[in-house]
Every structure is written in structure tokens, then in C-alpha cells.
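The residues making up each chain are set out below.
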Amino acid sequence: MAMASSTSTTSTMMDGTTPPPPQQQLRLYLHSEISTSHAAHGVAPHEDYFQYTAYCTRRLHRLRHSKPVKKELVHVRLYKGSLSTRIIEPSATTNPVGNKAKKYAYRAIDLTNLPSQQLASHLNYFLEPLYCAERCWAASLALKAEMNTVMESNNDSSANNSGTALGGDKSNPRKDWSLGKFRAQSMKRLKKAVKYAELVESLALSTKAAPCDNATEELGESKDATSTTAAEEKEDNSVNNMKQEESNIVQPPVDEHTQMEARAYASFMRGNLALEMNQWQTACTEYQMALQLCEALGQGAAAAGTASSSGTDDGNVDVQQLELFDFFNSRAKNVIAPLLKYCHYELQEKGLSPTEKISFLQSSSSIISDGDPLQSKLHSLKNETLQTQATSGSSMSQITFRDNIIPVETKDLRMALLKIQDLKSGWEEEEEEKKRNNNDNTAASTSPTTSSNDDAKFMELLSGYDDAISLVSKELKQLAALKSGPAVNAKKFQLVNLLGYSKYQKLKLVMGRNEELTNGIIQKSNEDEEEGMALKHLEEVAHLYDALLQDARSVVSLPGGGSPDDFDGETTSAIVEDEFYLEANANVLRLRSLRCYYLARMHASPLVHKYSEAIALLDQAERLANEALEEIGACDQMENGDALLENLEKVAAEMRGEKCRVLALSYLSKSSSTGSGKCLLQRLHDYNIPSSPKSIAHVPPKLEPMACKPSFFDVALNYVSEYPVDELDRAMEEYNGTETASSGILGWFRRG
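Residues numbered from 1 in each chain as written. Predicted model: local features only at pLDDT ≥ 70, side-chain atom pairs only at ≥ 80, totals over all residues. Heavy atoms only, no water.

(A) Examining the overall build of the chain more closely. Within the chain one finds 24 helices and two strands. Counting all 752 residues of the chain, 36% fall into the buried class. Counting only contacts in the chain whose residues sit at least 6 apart along the sequence, the fraction spanning at least 24 positions is 70%. (Helix = DSSP H or I, 4+ residues; strand = E, 2+ residues; numbered from the N terminus. Buried < 20%, exposed > 50% of the residue type's maximum accessible area, 1.4 Å probe, protein only. Contact = heavy atoms within 4.5 Å.)

What follows is the structure, given as C-alpha cells:
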């Protein structure tokens, strides 16, 4: 927490007395203090508002019991005579029976009673209401999060017909709360947060003067002065009025920067309250005020940093001002602007179609988390759109799988497939953007934030496929107990093909991602390593091809296919050998070949050097590659068949070259060596063999001296000029001059 003071020159009053020294104004970085607390106590990374509420309670205890401010901030009756004690009306303190004042152990505090000079004496007068506001705000969000958890648990319990309590386990004191009570308590806490935020704002702008201690003396002097004339009385009154006016000029306890931060914080809290109460116009006004103040603070920090860097040589102030500039700009852009845009959206929502609403929210919610209102509104709109489409049957009413058109009759399954379609389009857009960033800037594609977002969307898409598979399996179990018949068999045929379609789409997605990872490892290893892929990279590739081979075999055994007339009603019937089955078998052969190839390279690596096993694996890989080329060539409608053929032909050529290399290494490892350092290519006609079996040839070849022909010197003579005698003499004189200048006990070290 940084603090600055502003000073002013002293002056002499009209009666010759010296006024009290001018007060020093504090500078508090309120938003920076809050941001640090959020990051350190669970709000920023984890959204753990219960932990942050407990931290604020502990921090308030430390702030209130600090020795300089304990008398004004502690709520005990021992300090009832302090200035911070709230003035209570007599009607509220008197007892209607007996007319005696009530005695309380609790002392109500009103910090606005404190004079500006006392507020400027310590930071805790501002931090105490600030953390009170933060504690109420965190408690409101914690109750809201618990209410959402209760709603989800109630939905799950109603679906499973289990009568669990509303608030969770028995140890929870809010276990019997209704959703309305959760909402009421959350709003109550948020209103208290606004009250404390406004208190911070009023304290920052306070110009309350200190109480006058000599009022009785002035009154006594005025009563004793009865012998003065009327002119003297008039002059004395004018002098006293001027004194009082000068004494009433009081500065605020904090500087202008802190006042702007307090106003921005209070506006942000009022905007949050208006947002929860669906008062969109008020929320827009408050968020707009907070946004303008944050932008002004950022610009002021940038201007202060520029001025300080030009006026002083110390760079600490510049760094601090630049950090403030980045902080306020980031807060305005990433925190306040999305909320303001959401309020604008709510004001104009009636004039937008559902598709326009979703596109608007998608453009606004790319920088905020799942707990923000933009993201929750986007999810609810998407769910409403999917339910409408699933109910009407206009979208995803049928699918095509293995040359069969299968109708989707149930609403839940249509909605699950529509959700998968939406998630898949979003994930594909993310992948395309990632590839564009990879082409433009390699570092952008390897950032941890982008990778985590991509993994989250991929897992969400897989979860969507699992939901569809579970729905179809549930319906199949219901039909398993029925007797076979034309209608039952037709329904089973539809569900079996739907199950095969859902599993195939999931396996296809996983295989595509794993193959992209494999190609990325191979490409990166070939670019970074001159001597070939390292053993650890070969192991990673072989492991990925092993997983791909398992998924490909699962595709071969998928249910579905054939015609409804040939279906016998058994879900585990014989596999139908159609075009889909042949393509899946061809893919299995291709993956077996690639797996054998990289296993052979693992065995032939210098750390393993099992060359006989590597040669056997290469023979098997080459045989499988030839079979796979024939099968893929026979499948005319195979997806990406031409690209797969081209890639496999390239790898088959590499297999033949790798086999020759491994045979040579095998021969070198079995033969004796004489310790020669030459490679095999330079000793083809010698009987002795080099000691290192790796050294077949130098890549790139080493340079060797060669004799120049006389014509070379004849051509070079045409470019030779006269001997530069004068320039050499000047250079020698300068060199000799530097040598003579090098004197001293260590001067001979500097001579060439």
C-alpha cells in the first residue's frame, strides 16, 4: 500500500497568530489492494468466496485493533466518548416505561463524525469500511453459489426420486433454507456492501472540520466586553468572521487519485446491486461511471509515469505508474466493459432474435469466466434454442449411418445430438483459430491458457457424446425384455444404428486428435533434431499409434449396418461386411504398419541397438503397408483417402531406407573394430571397420582441401589494386601511438 502526502506553505492570520499546520493528504491504491487480496485468498483463480469472507473477517479484526485507531473503530462501550460514536436520537434511546435510557454493551460507530484531519492520520479509517464492503460482497456471492448448487442437487434428486434435504448435508446450517431465503440473504448482503462502499466514498470526500474547544472562552469574552463602542464591536465581529472562515477551509483526507478510486469502487458496487435487481438503466449508468473513472485513472497513471521519467532519474515511480496504467485498463476492459455490454443487451433484448442474442453474447463472453452473467445468459439461451429445435423436430430429425437413414424420434436424443453439433462447431472454430495463430506466431499456439481452453472444450464435446450413448443404451435396455416382432425389431434396428453412429463419431473425434498429436511430434522432432528422432519421441509416437490402433479396432466392431429386413432383433448380431467395414479394416492395416515402423526405429536406436528385432519389425511394417495401400486404393469413398495414400507411400519409402541403414548398423555392430575415426563411407575399400557403428557417413560432408588451377590466379589478378602504402603507414603510426600511451606497471599486458 503506497501513501503520499501533499504539503502547503504556512501563513499568518490577521490577529498575528499562526494557523495550525496543514494536514497531509493520503494516497491509497484501493483497487490494487483489493486485487492483491483476491489473488491471494481464493477469489481470482478458484472463486472460493467462503475463504475470502473468512479472510476479510480476520483482516477487519487486525485493522480495528491497531493501536492508533482502536479507540475509534472498536465497537465497545468503553470508548463511547470518542468522536466516532454515532449520535442517537433521544426518542430512540429512551424507554417509554420509566423514561430511562437503555444501556448497551455495543457502541454504534459513524466514521463520518470524524474530522478530515483525523481521517488523514491513518490508513485504517479507509481500509476498515473497504473490507467491510468486500466481506459483504463475498458473502453475497457465496450464498448465490450455494443457491445454484442447491438447485442442481434438487434437480438431480428429483430425477433420481430421492428426497434429499435442500441445503445438502446435516451439518450445513442452511440445510432447510428455501431458494427464496437464499436470494433474500444474498441481496441483503449486497445492499450492505453498497452501504460500506458509499461510506468509503463519503470519507474520501469528507471536509469536516475539527470541533472547536474554546467556544466557551469566546462566549465568556463576548459577555465581559460591555464597555466597547459600537464601532469596535463591529470591527471585532468582522475579524472573528474572517477567522472562522479561514478555519473552516478543510481539505479532504485523501488526494484526488484516491477520491476517484473510491468513486469508481462505489459506482461498481451500485452497478452490481442494480444488476441483481434487474434495474438495467441504473446498472448501465453506474457501470458507465465506473468505466470512465477507471479509464481516467489509467490515463492519469500513464501521464504521471511519463512526467516522472522525464523529470527524475529514478525509475521506480515509472514502473509503479505503468503497473497502474495496465491494471486500470485491464479492469475497465475485462471486468466492467462486459457487464456494461450485458446491461445494454438486456435493454435492447426485445428487438433481437434468438440467433442474434446468442451471437451477441458469444462476442461479449470471450474474456469472462463461467460465473459471470453473460456466460450464464448464453448457456440459458442456448438451452432454450436447443429445446425449441428438439421439440419442433426441424433439426436433427434423422441421421445417416452405413448407408441407412435412421430417424431420431425421441426429444431427449435430438436435443443431445443438437448439443453435440453446437459444441463441435465451437470446437472446430477454436481449432481453426489455433492453426491461424500457429502460422502467424508459434508462441501463441503453445500458451497454457489456449491449451487449457482447448482441452476443456474437447472434454465437453466428449461428454456430449457420452450423454447421447447413455440415452440410446437406456432405450435399448427397455426394449431388451420385449418379444421379437416386426415393430420391435424395427425400433431395435434404429437404436442399434444410433448407438453405432454415436460411438463412431466419438471414436472418430478421438482418433483425429491423437493423429494430429502424432504428426505434430514427428514434425517437431524432424525439425529440431538433425540426427533423427530421439528415443523418448519414438516412444511417444509408438504409444499414440497403439491407442489409435485400439480405437480403429473398436470402429471395426461397431454395431449397425445392413438392412432392417436382415436384422434378427439381436443387438450383438454378426458384423456386416459393407463399405464402412472395409474402410475400417484398411485403416487398421495402415495403423498397424505405422506402429511396427516406429517400434522398429525404437529397437534400432543407439540406446537399444536390437537390430535383428528391428529388421523383423521393418519387414512386417513393409508387408502391412503394401496391404494397406491396396485396401485404401480399393475404397473409393474413404474419407481423406488420397491424403492417407500419399502419406503411407512416403512412409513406405522411408521404411526401405531405414531397413538398409539398420542392416548396415547390424553388420558394423557384429564386426571387429580398429579404433579408426573415419566413417564407413570413407573406408569402403578398407578391411578395417570404424569403432562407432553409428558413423556410416558424415552429414553434412566434411570440407577437404583442393588445389587451385592457375586460371584462378589470373582471374583474381584483375581485381587486385595497387599496394596501399600511405594507409598502412597511417595505421602503423596510430598503432605505435597507442603502444606508447600504454604505460604503467601493467601496461605491457596490453601490448600485442
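(B) Structural view of the confidence of the model for the chain. Across the chain, the average pLDDT comes to 77, with 70% of residues at or above 70. Per-residue pLDDT stays below 50 along residues 96–101; that stretch engages in five contacts with residues further than four places along the chain or on separate chains. (pLDDT = per-residue confidence, 0-100.)

(C) Looking closely at the pairing of strand β1 (residues 398–401). Along β1, the buried face is formed by Ile399 and Phe401; none of Gln398 and Thr400, which line the opposite face, is buried. Sheet topology note: the β1/strand β2 (residues 404–407) ladder contains four bridges and is antiparallel. Residue pairing across strands places Phe401 opposite Asn404, the latter belonging to β2. A loop of two residues connects β1 with β2, the two strands running antiparallel in sequence, and Arg402 in this loop sits at a positive phi of about 55°. (Pairing = 2+ DSSP bridges.)

(D) Seen up close, empty space enclosed by the protein. For the structure on display, the rule yields two cavities of 30 Å³ or more. Contributing to the lining of the largest cavity are Pro407, Val408, Glu409, Thr410, Leu413, Glu475, Lys491, Gln494, Leu495 and Leu498. In terms of residue class, the lining of the largest cavity is built from five nonpolar, two polar and three charged. Of the pockets and cavities examined, the second largest cavity occupies roughly 30 Å³. (1 Å grid on protein atoms, 1.4 Å probe; cavity = no way out; pocket = protein on both sides within 12 Å on 5 of 7 lines; lining within 4 Å. Points joined across faces, edges and corners; volume = space filled by probe spheres on them. Nonpolar A, V, L, I, M, F, W, Y, C, P; charged D, E, K, R; others polar.)

(E) Local environment of the packing of aromatic side chains. One pass over the full model with this rule turns up 15 aromatic pairs. Taking 5.4 Å as the distance between ring centres and 75° as the angle between the ring planes, the aromatic pair formed by Phe327 and Phe328 counts as edge-to-face. In this structure Phe327 comes out as partly exposed when scored by relative accessible area, which is 22%. Take Phe328: its relative accessible area is 0%, and that puts it in the buried class. Through a chain of ring-to-ring contacts, three or more aromatic side chains come together here, namely Phe401, Tyr501, Tyr504 and Phe580. Here the guanidinium or amino end of Arg174 rests over the ring plane of Trp177, the centre of that ring lying 6.0 Å away. If you follow Arg331 out to its NZ or CZ, it ends over the ring of Phe268, 4.8 Å from the centre. (Phe/Tyr/Trp six-rings, centres within 6.5 Å; stacked < 30°, edge-to-face > 60°. Lys NZ or Arg CZ within 6 Å of the ring centre and 35° of its normal.)

(F) Structural context of the packing of helix α18 (residues 486–528) against helix α20 (residues 579–603). Between α18 and α20, whose axes approach to 14 Å, the crossing angle comes to 30°. Between α18 and α20, the interaxial angle falls into the category roughly parallel. In this structure, the crossing between α18 and α20 has a hand that is left-handed. Here Tyr504, Met511, Glu515 and Ile522 of α18 lie close against α20, whose contacting residues are Phe580, Asn587, Arg590, Leu591 and Tyr598. A per-class count over the contact of α18 with α20 returns six nonpolar, one polar and two charged. (Axes fitted to C-alpha atoms, helices over the stretch in contact; angles between N-to-C directions. Parallel < 35°, antiparallel > 145°, perpendicular 65-115°, else oblique. Left-handed = near helix turned anticlockwise from the far one by under 90°.)

(G) The arrangement of helix α7 (residues 179–204) in detail. Here α7 contains 26 residues, and its C-alpha end-to-end distance of 38 Å stays within 8% of the 38 Å for a straight helix at 1.5 Å per residue. Taken together, the buried positions of α7 are Phe182, Ser186, Met187, Leu190, Ala193, Val194, Ala197, Leu199, Val200, Glu201, Leu203 and Ala204. (Expected span 1.5 Å × (residues − 1).)

(H) Geometry of the environment of Glu630. Within the element layout of this structure, Glu630 appears in helix α21 (residues 611–634). Spatially, the C-alpha atom of Glu630 lies 9.5 Å from that of Leu645, the residues being 15 residues apart in sequence.

(I) Focus on the packing of helix α19 (residues 535–556) against α20. The geometry of α19 relative to α20 is characterised by a closest axis approach of 9 Å and an angle of 160° between their N-to-C directions. Taken together, the axes of α19 and α20 lie roughly antiparallel to each other. At the point where α19 passes α20, the crossing takes the left-handed sense. When its residues are assigned to classes, the contact of α19 with α20 shows 19 nonpolar, two polar and six charged.

(J) Quick peek at the nonpolar core. In this structure, Ile399, Leu417, Leu498, Tyr545 and Tyr598 are the most contacted members of the largest nonpolar core, which totals 76 residues. At the level of secondary structure, the elements contributing two or more residues to this core comprise β1, α15 (411–440), α17 (448–480), α18, α19, α20, α21 and α22 (641–670). When sequence neighbours within four positions are dropped, the list of residues in contact with Tyr545 reads Thr518, Ile522, Leu591, Leu594, Arg595 and Tyr598. In this structure, Leu30, Tyr49, Ile109 and Cys136 belong to the second largest nonpolar core, which totals 43 residues. (Core = buried A, V, L, I, M, F, W, Y, C linked by side-chain atoms within 4.5 Å.)

(K) Region of interest: the pattern of salt bridges. Using the criterion set out here, one finds 18 salt bridges in the structure. The closest approach of N and O atoms between Arg590 and Glu515, which form a salt bridge, is 3.0 Å. With a gap of 75 residues between them, Arg590 in helix α20 and Glu515 in helix α18 connect regions that are remote in the sequence. Summarising the burial analysis for this pair, Arg590 and Glu515 share the class buried. The salt bridge partner of Lys659 is Asp619, with a shortest N-O separation of 2.5 Å. With a gap of 40 residues between them, Lys659 in helix α22 and Asp619 in helix α21 connect regions that are remote in the sequence. Through salt bridges that share partners, Glu198, Glu201, Arg270 and Glu286 make up one connected network. (Salt bridge = Lys/Arg side-chain N within 4 Å of Asp/Glu carboxyl O.)

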